[in-house]
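Chain by chain, the residues:
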Amino acid sequence: MLLCKKIRLVISKADQKALEFMQAKCRGLYNWWIGKLRQGEQWKLYEAKKSLQESKQYDPQLHQVYGKLLAEVYFRIDSSMQAFYRRVKSGETPGFPRFRPRHAFFTLCYPASYLKVEHNRIILPTGGKGKNKLFANIQAVLTEQPPEKFKEVAVSRDSRGNYYCSIVYEAIPHQLELLGTVAFDLGVKTLAVGVNSMGRNYHIGGFKGNPWFNKQLDRIRAKRDKCKKGSRRYRYLSHVYHRVSEKRRNKQKDSLHKASSLIAYKLAESAVVIGDLSVRQMAMKSENKWLNRAVFNDWGLYQFVLLLKYKCQLALKQVHLVSERDTSKTCHRCGHIQDIPLAQRTYHCPNCSLVMDSR
């Protein structure tokens, strides 16, 4: 099974300058292609890759960027476009790929076969050859021991200016003795509510600090809007805004990790059943603004499902996705389907006379 380990990097000022230069050029190439696609250019991956030499002639500084990083830009655009086509085909809100802003670090993805790791030091190659090489190869110190065999390394930066390496590696899952099945319903007012085959109920709450953080972010944004854009005060408040946003994301991610670890490692059931729901459709179809914010931002249901999947695989548990379409309208005894308004919370089946609580 593939896992990812995030390790902080300790690098010099010169190496930081090299990373910032390469990510800026990769971001520029990405945004240039997004602009062409927005103007009606047809996307073809391999024809786009062939145009890289023309881009280097137009911007000679691209020669100073490692070639594998430039090639990865085209694959990232292709991944975004394929996701866009899938959403259009399924009838969802398409959401065309967006431009990458300057304040966000453009992640640099290195294949493992082109990297060197010596003890706790990793060497990241840069572009250019001989006397024309502008930046030397980056030599960064890893604060933790990296995995022995890894497949890919992604270099990123947080809002505090710290650099990280996310290392993808193959892990062997450990064996557990498990029995039974537990089913979870992902909700809005709480993260997940479940019941196992023995009738035991589980209530897992999510991170509840979002209202406080949203209030703080709104206050900072209101102060920043009164300042002149680009001024020292404006830049300071923008920095504070990103730090508070990062703190909120970290707390939410920690809560999701704890909830998914509880289900994967603490519960004794061997199978986990969750609803196969589309979080995007839940947020788009609802007219309640509070529901949109809770489902799409506050709980982080999509990330929770991803964490739960890979942790259950690591614990040798089976994860089953069950469609939730018409589940509240269907009688589980005879299969009869009838419309139920939101005000009616008791299900009465006209065929088999089943009466049950539909809440």
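Computed from a predicted structure; not experimentally measured.

### Quick word on the packing of aromatic side chains
Moving on, step 1. In this structure the tally under the stated criterion is 13 aromatic pairs.
Moving on, step 2. Considering the side-chain rings of F105 and Y163, the 6.0 Å spacing of their centres and the 80 degrees angle between planes classify their relative orientation as edge-to-face. With F105 in the loop between α4 (67-90) and β2 (108-111) and Y163 in strand β7 (residues 163-170), this residue pair connects regions lying 58 residues apart in the sequence.
Moving on, step 3. Aromatic side chains F184 and Y202 sit 6.4 Å apart centroid to centroid with 35 degrees between the ring planes, which places their arrangement in the tilted category. One end of the pair, F184, is in strand β8 (residues 181-186); the other, Y202, is in strand β10 (residues 201-204), with 18 residues separating them in the sequence.

### Some points on the pairing of strand β11 (residues 271-275)
Moving on, step 1. β11 sits mainly inside the fold: five of its five residues count as buried.
Moving on, step 2. Residues of β11 alternate between two faces, with A271, V273 and G275 on one and V272 and I274 on the opposite face, all of them buried.
Moving on, step 3. As defined by bridge partners, β8 adjoins β11 across four bridges and the pair is classed as parallel. Following the sheet pairing, F184 is matched in β11 by I274.
Moving on, step 4. Sheet analysis places β11 next to strand β12 (residues 318-322), joined by five bridges and oriented parallel. Its bridge partner being in β12, V272 is matched across the sheet by V319.

### Here we look at the side chain of S156
Moving on, step 1. Along the polypeptide, S156 turns up in strand β6 (residues 150-157).
Moving on, step 2. The class of S156 is buried, set by a relative accessible area of 15%.
Moving on, step 3. Among residues more than four places away in sequence, those in contact with S156 are K6, F105, T107, N162, Y163 and Y164.

### Let's talk about the sheet that holds β8
Moving on, step 1. Spatial strand order, β10-β9-β8-β11-β12: five strands in an open sheet with mixed pairing. Edge positions in the open sheet fall to β10 and β12, since each of these has one partner strand only. Across the sheet, the axes of successive neighbouring strands diverge by a mean angle of 20 degrees, strand direction being ignored.
Moving on, step 2. Across five bridges, β8 lies against strand β9 (residues 192-196) in antiparallel orientation. Among the inter-strand pairings, V182 is bridged to a residue of β9, identified as N196.

### A few points about the sheet that holds β2
Moving on, step 1. One open sheet holds the seven strands; their spatial order is β2-β6-β7-β1-β5-β4-β3, and the pairing between them is antiparallel. Strands with a single pairing partner mark the edges of an open sheet, and in this sheet they are β2 and β3 (116-118). Strand after strand, the sheet turns through a mean of 30 degrees between neighbouring axes, direction not considered.
Moving on, step 2. In this sheet, strand β5 (residues 138-142) lies alongside strand β4 (residues 121-124) in antiparallel orientation, the contact comprising four bridges. In the sheet register, L124 faces β5, and the bridge partner there is I138.

### Brief notes about helix α5 (residues 210-225)
It helps to recall that an α-helix has 3.6 residues per turn; residues three or four apart then point in one direction.
Moving on, step 1. Spanning 16 residues, α5 covers 22 Å between terminal C-alpha atoms, matching the ideal 22 Å at 1.5 Å per step.
Moving on, step 2. For α5, the set of buried residues is N210, F213, N214, L217, I220 and R224. Along the long axis of α5, the arc covered by the buried residues comes to 130 degrees, so they all point the same way. For α5, the exposed residues set more than 90 degrees away from the buried face come down to P211, W212 and K215.

### As for the packing of helix α6 (residues 232-266) against helix α9 (residues 301-314)
The packing of two helices is summarised by the inter-axis angle and the distance between the axes.
Moving on, step 1. With their axes 9 Å apart at the nearest point, α6 and α9 run at an angle of 35 degrees to one another. When the axes of α6 and α9 are compared, the crossing they make is right-handed. Facing K253, L256, H257, A259, S260, S261, I263, A264 and Y265 of α6, the residues of α9 in contact are Q303, F304, L307, L308, Y310, K311, C312 and L314.

### Comments concerning the nonpolar core
Moving on, step 1. With 49 residues, the main nonpolar core has L9, M22, W43, L108, Y110 and I122 as its most contacted residues.
Moving on, step 2. In terms of residue count, the dominant contributor to this core is helix α1 (residues 13-38) (10 residues).
Moving on, step 3. Other than its neighbours up to four places away in sequence, I122 contacts L9, L115, K116, V117, I138, Q139, A140, L142, V153 and C165.
Moving on, step 4. By size, the runner-up hydrophobic cluster in this structure holds 20 residues, among which are V182, I204, I263 and L301.

Definitions and limits used
- Residues numbered from 1 in each chain as written.
- Predicted model: local features only at pLDDT ≥ 70, side-chain atom pairs only at ≥ 80, totals over all residues.
- Heavy atoms only, no water.
- Phe/Tyr/Trp six-rings, centres within 6.5 Å; stacked < 30°, edge-to-face > 60°.
- Helix = DSSP H or I, 4+ residues; strand = E, 2+ residues; numbered from the N terminus.
- Buried < 20%, exposed > 50% of the residue type's maximum accessible area, 1.4 Å probe, protein only.
- Pairing = 2+ DSSP bridges.
- Contact = heavy atoms within 4.5 Å.
- Axes fitted to C-alpha atoms, helices over the stretch in contact; angles between N-to-C directions.
- Expected span 1.5 Å × (residues − 1).
- Arc of directions from axis to C-beta.
- Left-handed = near helix turned anticlockwise from the far one by under 90°.
- Core = buried A, V, L, I, M, F, W, Y, C linked by side-chain atoms within 4.5 Å.

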